[in-house]
Amino acid sequence: MNGDGRLADTRASYDTVAVGYADHIRDHLAGEPYLRACLAAFADLVDTAGGGPVADVGCGPGHITAHLNELGVDAFGIDLSPGMIEVARRDHPGLRFEVGSMTDLDLPDAAVTGLLAFWSLIHVPDDAVPPVLRHFRRVVRPGGPLMLGFHVGDGTRLKTHGYGGHPMNVHVHRRRPDLVARWLGEAGFTVRTQMLLDLDQEVPGAILFARRASSSGPERPHAAAP
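Residues numbered from 1 in each chain as written. Predicted model: local features only at pLDDT ≥ 70, side-chain atom pairs only at ≥ 80, totals over all residues. Heavy atoms only, no water.

Before going further, it helps to spend a moment on the nonpolar core. Counting 34 residues, the largest nonpolar core has Leu115, Leu133, Phe136, Leu148 and Leu184 as its most contacted members. Sorting the residues of this core by element identifies strand E1 (53–57), strand E2 (74–79), strand E4 (114–118), helix H5 (129–139), strand E5 (145–151), helix H6 (177–187) and strand E9 (205–212) as the ones contributing at least two each. If we ignore the near neighbours within four places in the chain, the residues touching Leu115 are Phe42, Val54, Ala55, Val57, Leu105, Phe136, Val139, Val140, Pro145, Leu146 and Met147. Within the second largest apolar cluster, 18 residues are counted, among which are Leu29, Phe42, Val73 and Leu197. (Core = buried A, V, L, I, M, F, W, Y, C linked by side-chain atoms within 4.5 Å. Buried < 20%, exposed > 50% of the residue type's maximum accessible area, 1.4 Å probe, protein only. Helix = DSSP H or I, 4+ residues; strand = E, 2+ residues; numbered from the N terminus. Contact = heavy atoms within 4.5 Å.)

What follows is the structure in structure tokens.
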């Protein structure tokens with residue numbers, strides 16, 4: 001499938017499940033202390049970088065965007081699905097949400113202090129991930145933090161139905177953290193930390209924290225602890 005067809009299927013699928021997904025995920029963070037800790041760390045990194053706007057790319061119904069704002073981050077959401085953006089605006093009327101695609105971010109260069117992509121790269125095929133990460137680097141200020149969350153594993157599965165039993169047609173990609181870290185380095189980010197979550201589950205999760213390398217060149221990675 002070409003990129004346009006993939007985007008159209010992803011958009012239509014999430015338009016269809018938007019309301020059901022929002023209901024399903026609404027209280028998810030309350031039972032996820034490690035995810036909350038990661039988001040708090042990301043908020044601290046944004047503050048250390050000087051504060052400023054943060055893009056939640058693939059924001060869905062806006063629950064992570066809202067949580068970051070509660071942590072003091074000036075976060076706004078971007079999602080491919082107009083249905084998801086409609087629900088996000090309904091549930092979080094005081095926040096900014098926009099329809100857009102991570103494959104062609106409509107943001108100026110160095111427009112945001114930080115960027116979050118929380119389990120939103122999972123529908124992007126391997127060959128399209130490096131260009132997406134270069135888009136992320138373009139819009140993040142030098143030294144700004146990046147946080148990625150994704151499914152760990154190998155291979156791809158086709159998701160044909162979702163929240164509320166509605167039909168979907170999206171591919172879900174699982175990836176190894178080392179591969180994603182390599183892509184980040186090639187895109188101009190320095191990976192600072194990798195974390196694995198839910199190791200007792202069939203599909204664990206991973207979170208990578210990275211920083212956009214300064215304009216003068218890549219940062220030196222931290223030395224390993226003795």
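Right, let's talk about the packing of H5 against H6 for a bit. Contact geometry of H5 with H6 gives a least axis separation of 9 Å together with a crossing angle of 50 degrees. In terms of their interaxial angle, H5 and H6 are classed as oblique. With respect to the hand of their crossing, H5 and H6 are arranged in right-handed fashion. On the side of H5, the interface is formed by Val129, Pro130, Leu133, Arg134 and Arg137, while H6 contributes Trp183, Leu184 and Ala187. Classifying every residue of the contact of H5 with H6 by side-chain character gives six nonpolar, no polar and two charged. (Axes fitted to C-alpha atoms, helices over the stretch in contact; angles between N-to-C directions. Parallel < 35°, antiparallel > 145°, perpendicular 65-115°, else oblique. Left-handed = near helix turned anticlockwise from the far one by under 90°. Nonpolar A, V, L, I, M, F, W, Y, C, P; charged D, E, K, R; others polar.)

Attention shifts here to the sheet that holds strand E3 (residues 97–99). What the seven strands build is an open sheet, ordered E3-E2-E1-E4-E5-E9-E8; its pairing is mixed. Each edge of the open sheet is held by one strand with a lone partner, namely E3 and strand E8 (189–197). Strand-to-strand twist in this sheet, taken as the mean axis angle between neighbours without regard to direction, amounts to 20 degrees. Inspection of the sheet shows E5 paired to E9 by seven bridges, in the antiparallel sense. (Pairing = 2+ DSSP bridges.)

Extensive coverage of E1 is indicated by the burial of four of its five residues. As paired strands, E1 and E2 are joined by five bridges and run parallel to one another. Counterpart to Val54 in the pairing with E2 is Ala75. Each parallel crossover has a hand, and for E1 linked through helix H3 (residues 63–70) to E2 it is right-handed. Sheet topology note: the E1/E4 ladder contains three bridges and is parallel. (Right-handed = clockwise from strand over helix to strand, strands pointing away.)

Take the environment of Leu107 next. Among the secondary structure elements, Leu107 is positioned in the loop between E3 and E4. If we skip the residues at most four places from it in the chain, Leu107 touches Ala55, Phe76, Ile78, Arg96, Val112, Arg138 and Val139.

The topology assignment puts His173 in strand E7 (residues 167–173). On the basis of relative accessibility, which here comes to 10%, the residue His173 falls in the buried class. Engagement of the side chain of His173 in a polar contact is seen with the side chain of Thr156, the distance being 2.8 Å. Setting aside its immediate chain neighbours within four residues, His173 contacts Ile122, His123, Val124, Pro125, His151, Gly155 and Thr156. (Polar contact = N/O pair within 3.5 Å; in protein donor to acceptor, adjacent residues only side chain to side chain.)

The next point concerns the packing of aromatic side chains. Throughout the structure, instances matching the rule amount to two aromatic pairs. The interplanar angle of 85 degrees and the centroid separation of 6.5 Å between the aromatic rings of Tyr14 and Tyr21 together place this pair among those described as edge-to-face. With respect to burial, Tyr14 and Tyr21 carry one shared label: buried. Ring geometry for Phe118 versus Trp119: centroids 4.9 Å apart, planes at 90 degrees, classification edge-to-face. (Phe/Tyr/Trp six-rings, centres within 6.5 Å; stacked < 30°, edge-to-face > 60°.)

Across all of its chains, the model carries eight salt bridges by this definition. Note that Arg175 is salt-bridged to Asp126, the shortest N-O span being 2.8 Å. Taken as a pair, Arg175 in the loop between E7 and H6 and Asp126 in the loop between E4 and H5 lie far apart in primary sequence, 49 residues in all. Accessibility expressed as a relative area gives 6% for Arg175, which makes it buried. Between Asp154 and Arg176 there is a salt bridge; the shortest N-O distance is 2.7 Å. Taken as a pair, Asp154 in the loop between E5 and strand E6 (156–161) and Arg176 in the loop between E7 and H6 lie far apart in primary sequence, 22 residues in all. Looking at Arg176, the relative accessible area reads 42%, which means it is partly exposed. Three or more residues joined by partner-sharing salt bridges are found here, namely Asp23, Arg26, Arg90 and Asp91. (Salt bridge = Lys/Arg side-chain N within 4 Å of Asp/Glu carboxyl O.)

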